[in-house]
Amino acid sequence: QVHLVESGGGLVQPGGSLRLSCAGSPRIFRTYEMHWYRQAPGKQRKLVAGITSGGVTNYADSVKGRFTIERDNARTMMYLQMNNLESEDTAVYYCHAQGGIEELWGQGTQVTVSS
C-alpha cells in the first residue's frame, strides 16, 4: 500500500528552482509530523526539513534561506520549494511522515542540479 507519493523532481541548472510535492491520505495529514529527507549517491539519508501538523518548521543548516517546506492539510499535500539550487543538492528526495510508532516513506524523486 502506497501512503506517500512524491513528484516534481528533475534536472535543473545551478541557481535554478524546483518545487517538490508529496501527496498523502487525510489520516496522515491530520496529525503526523512530516519531513523531507534526501540521499546523495554513496551517502546516508539526511533530514532536509520538517513541519508539524500545526505548521512549525525546521531546516538543515545547508538549506536554510533557500528551501521552504509547506503543508496543506485540507488538500493533503506537502511541498518543498527549493531555490538557488547548488550541485550539492543533487540527491533523491523522500517524503516522510511520522505519527506515534508509525513511520512512512515515499518512493523518492530524483533532483539533479547540473549545468
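Now for a look at the structure at hand. (Residues numbered from 1 in each chain as written. Predicted model: local features only at pLDDT ≥ 70, side-chain atom pairs only at ≥ 80, totals over all residues. Heavy atoms only, no water.)

With respect to the overall build of the chain
Thought 1: Within the chain one finds one helix and eleven strands.
Thought 2: For the chain, whose C-alpha radius of gyration is 13 Å, the value lies close to the compact-globule estimate of 13 Å for 115 residues.
Thought 3: Seen along its three principal axes, the alpha-carbon backbone of the chain occupies a region of about 40 × 25 × 20 Å.
Thought 4: Relative to its full complement of 115 residues, the chain shows a buried share of 42%.
Thought 5: Summarising the internal contacts of the chain: among those between residues at least 6 apart in sequence, 53% fall at separations of at least 24.
Thought 6: As presented, the chain carries roughly 6100 Å² of accessible surface, and 48% of it is formed by carbon and sulfur atoms.
Thought 7: Between the mean site of the 11 positive side-chain charges and the mean site of the 10 negative ones, the chain shows a separation of 2 Å. (Helix = DSSP H or I, 4+ residues; strand = E, 2+ residues; numbered from the N terminus. Rg over C-alpha atoms; globule rule 2.2 N^0.38 Å. Buried < 20%, exposed > 50% of the residue type's maximum accessible area, 1.4 Å probe, protein only. Contact = heavy atoms within 4.5 Å. Areas by Shrake-Rupley, 256 points an atom, 1.4 Å probe, with all protein chains shown as cover. Lys, Arg positive; Asp, Glu negative; His and termini not counted. Charge placed at Lys NZ, Arg CZ, Asp CG, Glu CD.)

Focus: the pairing of strand β7 (residues 67-72)
Thought 1: Along β7, the buried face is formed by Phe 67, Ile 69 and Arg 71; none of Thr 68, Glu 70 and Asp 72, which line the opposite face, is buried.
Thought 2: Note: β7 against strand β8 (residues 77-82), six bridges, orientation antiparallel. Its bridge partner lying in β8, Asp 72 is registered against Met 77.
Thought 3: In textbook terms, the turn of a hairpin is the stretch between consecutive antiparallel strands, and for β7 and β8 this stretch comprises four residues, one of which, Thr 76, has a positive phi near 50°. (Pairing = 2+ DSSP bridges.)

Re the packing of aromatic side chains
Thought 1: Applying the stated criterion across every chain yields a total of two aromatic pairs.
Thought 2: Between Tyr 94 and Trp 105, the ring centres sit 6.3 Å apart and the planes meet at 85°, which makes this aromatic pair edge-to-face. Placement of Tyr 94 in strand β9 (residues 91-99) and of Trp 105 in strand β10 (residues 102-105) is noted, with a sequence separation of eleven residues between them.
Thought 3: Residue Tyr 94 is classed as buried on the basis of its relative accessible area of 12%.
Thought 4: Assessed through its relative accessible area of 33%, Trp 105 is described here as partly exposed.
Thought 5: One aromatic cluster is present, formed by Tyr 37, Tyr 94 and Trp 105 through successive ring pairs.
Thought 6: Here Arg 45 stacks its cationic end above the ring of Tyr 94, 3.6 Å away from the centre of that ring. (Phe/Tyr/Trp six-rings, centres within 6.5 Å; stacked < 30°, edge-to-face > 60°. Lys NZ or Arg CZ within 6 Å of the ring centre and 35° of its normal.)

Side note on the environment of Gly 55
Thought 1: Considering the arrangement of structural elements, one finds Gly 55 in the loop between β5 (46-51) and β6 (57-59).
Thought 2: Assessed through its relative accessible area of 37%, Gly 55 is described here as partly exposed.

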